[in-house]
Structure formats: structure tokens, C-alpha cells
Amino acid sequence: MLAKGVTLRGLEVFEALAATGSVAQAAELTGLSQPAVSQQLRNLETALATELIDHGKRPMLLTPAGQNFLSRTEDALAQVRLARISRTSLRCP
């Protein structure tokens, strides 16, 4: 179970931000608007009660907590992606 306030979309946005260092590029990757990306990140940081990204740097860099959380995020999203693939393959005749 995800912690209260931690969403799958929030994890996807965080992963995209970590990969690109840019709200604009993360928005492009996720199909969200830039304000929505920023809001998802704020919601995730609030839920975890820690800053994941150094908001004063460009490109955005992960904080130590963000670096630690990224590996967990990547693992969790990999499992979700595998589950989606498995579910899709079960539907095929």
C-alpha cells in the first residue's frame, strides 16, 4: 500500500523529473501540463515530508533523500509496468 498522498502518477512524475531535470521535459514525458507536474511533485514531497528535488538548481537535481527515493520509485514502477504487461498478455487469446 502506498503512503497517504503518494500516488502512482506522483511517482511517474518524480521519475521523469529525475531523468530530465526539467519540469517542461517531465511534462512532455508524462503528458501533463507543467503546472500539473509541479503540483504532483509538491504533493509527493508533502506526503513524504521531505524535499526530493533541489528547487533552486537548474537543471533540477535530486537531494540525497531524492536519490534514495528514486531507486525505490524505479523498483516500484518497474513492478507496476510488469503487472500491466502480464495483465495485457492474459487477455490475449
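Computed from a prediction, not measured in an experiment: that's the story for all the values here.

(A) Inspection of the overall build of the protein at higher detail. A count of helices and strands for the protein gives four helices and two strands. Going residue by residue from the N terminus, the α and β elements of the protein occur as α-α-α-β-β-α. Summarising its shape, the C-alpha atoms of the protein cover approximately 50 × 25 × 20 Å along the three principal directions. The proportion of buried residues among the 93 residues of the protein is 31%. In the protein, of all internal contacts separated by at least 6 residues, the share reaching a separation of at least 24 is 46%. Of the roughly 6,000 Å² of accessible surface on the protein, a fraction of 56% belongs to carbon and sulfur atoms. If you average the places of the 10 positive and of the 8 negative side-chain charges in the protein, the two averages end up 7 Å apart.

(B) Just the pattern of salt bridges, in detail. As enumerated under the stated definition, the model contains three salt bridges in all. Here Arg9 ties to Glu12 by a salt bridge, and the two come within 3.4 Å at their closest N and O atoms. With Arg9 and Glu12 both in helix H1 (residues 8-20) and three residues apart, this pair spans about one turn of that helix. Here Arg9 falls in the partly exposed class, since its relative accessible area comes to 33%. Of the residues examined, Glu12 reaches a relative accessible area of 18% and is grouped as buried. One salt bridge connects Glu15 with Arg81, and the closest N-O pair in it is separated by 2.8 Å. Residue Glu15 is found in helix H1, and its partner Arg81 is found in helix H4 (residues 64-91); the two are separated by 66 residues along the sequence. Assessed through its relative accessible area of 18%, Glu15 is described here as buried.

(C) Just the nonpolar core, in detail. Phe14, Leu17, Val37, Leu44 and Ile53 are the most contacted members of the largest nonpolar core, which has 18 residues in total. Within the residue set of this core, elements represented by two or more residues are H1, helix H2 (23-30), helix H3 (34-48) and H4. No other element matches H1, which puts five residues into this core. Excluding its chain neighbours within four sequence positions, the residues that come into contact with Leu44 are Val6, Gly10, Leu11, Phe14, Leu52 and Phe69.

What counts and what doesn't
- Residues numbered from 1 in each chain as written.
- Predicted model: local features only at pLDDT ≥ 70, side-chain atom pairs only at ≥ 80, totals over all residues.
- Heavy atoms only, no water.
- Helix = DSSP H or I, 4+ residues; strand = E, 2+ residues; numbered from the N terminus.
- Buried < 20%, exposed > 50% of the residue type's maximum accessible area, 1.4 Å probe, protein only.
- Contact = heavy atoms within 4.5 Å.
- Areas by Shrake-Rupley, 256 points an atom, 1.4 Å probe, with all protein chains shown as cover.
- Lys, Arg positive; Asp, Glu negative; His and termini not counted.
- Charge placed at Lys NZ, Arg CZ, Asp CG, Glu CD.
- Salt bridge = Lys/Arg side-chain N within 4 Å of Asp/Glu carboxyl O.
- Core = buried A, V, L, I, M, F, W, Y, C linked by side-chain atoms within 4.5 Å.

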